[in-house]
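# Fold and geometry: a report
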Amino acid sequence: MRHVARTRKQAITVRVNGIEYEGQVEPRRLLSDFLREDLGLTGTHVGCEHGICGACTVLVDGRAVRSCLLFAVQVDGAEIMTVEGLARGEQLHPLQEAFWEHHGLQCGFCTPGVLMAAYEFLRDNPNPTEREVRENAAGNLCRCTGYEGIVRSILAAARKLQADR
Amino acid sequence: MKPAAFDYYAPDTLDEALAVLAERGDAAKILAGGQSLVPLLNMRLAKPEALVDINRLRELDYIREENGWLAIGAITRQRTLERYPLVRQHLPLVADALHALGHAQIRNRGTIGGNLAHADPASELPAVLVALGGELVAASVAGQRPLAPEEFYLTYLTTTLDPTELLVEARFRLPTGRHGGAFLELSRRHGDYAMVGVGVQLELAPDGTVARAGIGLCGAGPVPIKATEAEALLVGERPGEELFAEAGVRAAAQAEPESDIHASADYRRDMVRVLTRRALRLALQRAAAADTQ
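Only a predicted model underlies this, so the values are computations on that prediction, with no experimental measurement involved.

Definitions and limits used
Residues numbered from 1 in each chain as written. Chains lettered and ligands numbered in written order. Predicted model: local features only at pLDDT ≥ 70, side-chain atom pairs only at ≥ 80, totals over all residues. Helix = DSSP H or I, 4+ residues; strand = E, 2+ residues; numbered from the N terminus. Rg over C-alpha atoms; globule rule 2.2 N^0.38 Å. Buried ≥ 20, exposed ≤ 12 C-beta atoms within 10 Å, placed from the backbone. Contact = placed C-beta atoms within 7 Å. Axes fitted to C-alpha atoms, helices over the stretch in contact; angles between N-to-C directions. Parallel < 35°, antiparallel > 145°, perpendicular 65-115°, else oblique. Nonpolar A, V, L, I, M, F, W, Y, C, P; charged D, E, K, R; others polar. Pairing = 2+ DSSP bridges. Domains from an automatic or database assignment. Arc of directions from axis to C-beta.

### What about the overall build of chain A?
Tallying secondary structure elements over chain A gives 5 helices and 6 strands in all. The order of α-helices and β-strands along chain A, N terminus first, is β-β-β-α-β-β-β-α-α-α-α. Its C-alpha atoms give chain A a radius of gyration of 16 Å, near enough to 15 Å, the size a compact globule of 165 residues would have. Taking all 165 residues of chain A together, the buried fraction comes to 46%. Taking all contacts inside chain A whose residues are at least 6 apart in sequence as the whole, residues at least 24 apart take part in 59%.

Here's what the structure looks like:
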């Protein structure tokens, strides 16, 4: 059994976007803060810190989760994917290309979370209906776009990804 | 905001978890999916001295069909149950309810046991439990005990679980014969908390009359409500529009909703009436289309 007293730090190892990192974290250290502040991966955004807005969405062991609702100690040994892991060097992921081409963002604050949620969604549901895309997008709060550009972009990304298969 | 500091335990076995709870249960909270607990911690609405992280207890991650029951281990992710073939194909009441539960990211972590034990009055799964019939199993170092929903749910966010106890299993009664179910909820947007929700399970006799009816309400009171008067109206009768409309009226009469920022009590009560009728209609369509079990 792992036991970490509140005043102590626990050594953890995580693999983020294929790179292994080590950290020393208090039990209460949120994964969102660990990624941003301990690892310098500020692509993951913090909007509400209570699981509503989805800006902090990352993939943990292949599943999209709200990183503000996970403690870093809980992901010791896990594989994490953040928005920084979408592009391959200069080559954007088809989702990112689609958001660019179809104006899927304005201020961009919600966008990392939207992309990571859409990444999982399209992986599990490669040929979605518009309704399904809208239901998925409902898990992320966007104050700028009114969602039309987001929905168009995700549908376009689905087509791109299908074509690539 | 950031959570207050806490001691962290991550037991590897159920016995270890129960031992920690025996020692520190009074001051500890159980961390399962964290989708309800961690927001409370982050907003400092709760400041437990210790968290007992039960996510390593793979022995509580299971779905088993046994003797007419669907037994679900407490740490089973909501997503796992959503995708379980029996649920997708034959238990639309459960499938509908899970589809309405939050969003995919929440269901990826959220657990069946955590949701049931958190006892949010707007939560879908307690209403499903009440509609299908079922029981909960609590464990401590002293042993295990089964609890019927009416013994388990006390009031808002409060169950009869002792601080040293852990919910280990939820059991849903599997319907028999020609059956159909449905769950409908009213929320502003898909995935929001339900303003009110109704879960219905119908089992039809060979002659087409209702052999058994289960109706569970959420968002309609401090605990999930079994609409017993509506159920009693339906049993033995030939299903139809007028009957369903009357069942809706009776279900609404048993609701005890409150007014809040999202909806008035009157509106909630009226929506219980409407959703009950619609859910019964949908459940009947599905029962008519279903193969016999």
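Okay, back to it.
### Considerations on unusual backbone geometry
The backbone of A:Glu49 shows a phi angle near 60°, a positive value even though the residue is not glycine. You can see A:Glu49 is positioned in the loop between α1 (31-38) and β4 (57-60). Look at B:Ala119: it is not a glycine, yet its phi comes out positive at around 60°.

### Quick word on the packing of helix α5 (residues 92-100) of chain B against helix α8 (residues 124-132) of chain B
Residue and element names in this part refer to chain B. Viewed as axis vectors pointing N to C, α5 and α8 meet at an angle of 170°, and their least axial separation amounts to 9 Å. The angle between α5 and α8 places the two elements in the roughly antiparallel class. Contacts between α5 and α8 involve Leu93, Val94, Ala97 and Ala100 from the former and Glu124, Leu125, Val128, Ala131 and Leu132 from the latter.

### A look at the interface of chain B and chain A
How big an interface is tends to be expressed through the accessible area that disappears when the partners come together. Listed by partner, the interface residues are 28 residues for chain B and 30 residues for chain A. When contributions to the side of chain B that touches chain A are tallied by element, the ones reaching two or more residues are β1 (7-10), α2 (37-42) and α6 (104-109) of chain B. Considering only residue class, the side of chain B that touches chain A consists of 12 nonpolar, 9 polar and 7 charged. Of the pairings in the sheet, the one linking strand β1 (residues 2-4) of chain A to β1(B) comprises 3 bridges and is antiparallel in character. Opposite A:His3, over in β1(B), you have B:Tyr9 as the bridge partner.

### Some remarks on the sheet that holds strand β12 (residues 196-204) of chain B
Residues and elements named next belong to chain B. With antiparallel pairing, the 4 strands of this open sheet are ordered in space as β11-β12-β13-β14. Here the strands that pair on one side only, and so sit at the sheet edges, are β11 (178-186) and β14 (225-226). Pairing of strand β13 (residues 210-218) with β14, which is carried by 2 bridges, proceeds in the antiparallel orientation. Residue pairing in the sheet places Gly216 in a bridge with Lys226 of β14. This element, α5, spans β11 and β12 of the sheet and lies at about 20° to β11. Along the sheet, helix α12 (residues 265-289) contacts β11, β12 and β13; its crossing angle with β11, the most-contacted strand, is approximately 150°.

### Quick look at the domain arrangement of chain B
All names here are of chain B. Along its sequence, chain B is organised into domain 1 (7-53), domain 2 (61-173) and domain 3 (178-287). On a C-alpha basis, the centres of domain 1 and domain 2 stand 19 Å from each other. Each partner contributes to the interface: domain 1 provides 14 residues, whereas domain 2 provides 16 residues. Looking at the side of domain 1 that touches domain 2, the element that brings in the most residues is helix α1 (residues 14-24), giving 6 residues. In the side of domain 1 that touches domain 2, the residues fall into 8 nonpolar, 5 polar and 1 charged.

### What about the domain arrangement of chain A?
Residues and elements named next belong to chain A. Domains assigned within chain A are domain 1 (10-85) and domain 2 (94-164). Taking the mean C-alpha position of each, domain 1 and domain 2 sit 22 Å from one another. Across the contact, 15 residues belong to domain 1 and 11 residues belong to domain 2. The element best represented in the side of domain 1 that touches domain 2 is β4, accounting for 3 residues. The residue inventory of the side of domain 1 that touches domain 2, partitioned by class, reads 8 nonpolar, 6 polar and 1 charged.

### Topic: the sheet that holds strand β3 (residues 19-25) of chain A
Residues and elements named next belong to chain A. Overall, mixed pairing links the 5 strands, which are arranged β3-β2-β6-β4-β5 in an open sheet. Looking at the sheet topology across the chains shown, the edges are occupied by β3 and β5 (63-66). Ignoring which end each strand starts from, the neighbouring axes of this sheet average 40° apart. Contacting β4 and β5, helix α3 (residues 111-124) runs over the sheet at an angle of about 40° to β4.

### A closer look at the environment of B:Met1
Summarising the element assignment, B:Met1 is placed in the segment before β1. B:Met1 sits in the exposed class, given 10 other C-beta atoms within 10 Å. Measuring from C-alpha to C-alpha, the distance between B:Met1 and B:Arg44 comes to 7.6 Å, with 43 residues separating the pair along the chain. The contacts of B:Met1, once residues within four sequence positions are left out, are A:Glu49, B:Asn42, B:Met43 and B:Arg44.

### Considerations on helix α4 (residues 130-137) of chain A
The complete set of buried residues in α4(A) reads A:Val133, A:Asn136 and A:Ala137. On an axial view of α4(A), the arc spanned by its buried residues comes to 95°, and they lie on one face. Lining the buried residues of α4(A) we find α3 and α5 (148-164) of chain A together with α6 of chain B.

### Quick look at the pairing of strand β2 (residues 10-16) of chain A
Residue and element names in this part refer to chain A. On β2, burial follows the alternation: Gln10, Ile12, Val14 and Val16 on one face are buried, whereas Ala11, Thr13 and Arg15 on the facing-out side are not. From the end of β2 to the start of β3, which pair antiparallel, there are 2 residues, and Asn17 there has a positive phi angle of about 50°. Pairing of β2 with strand β6 (residues 79-81) involves 2 bridges; the strand directions are parallel. Each residue of the ladder has a partner; that of Val16, found in β6, is Ile80.

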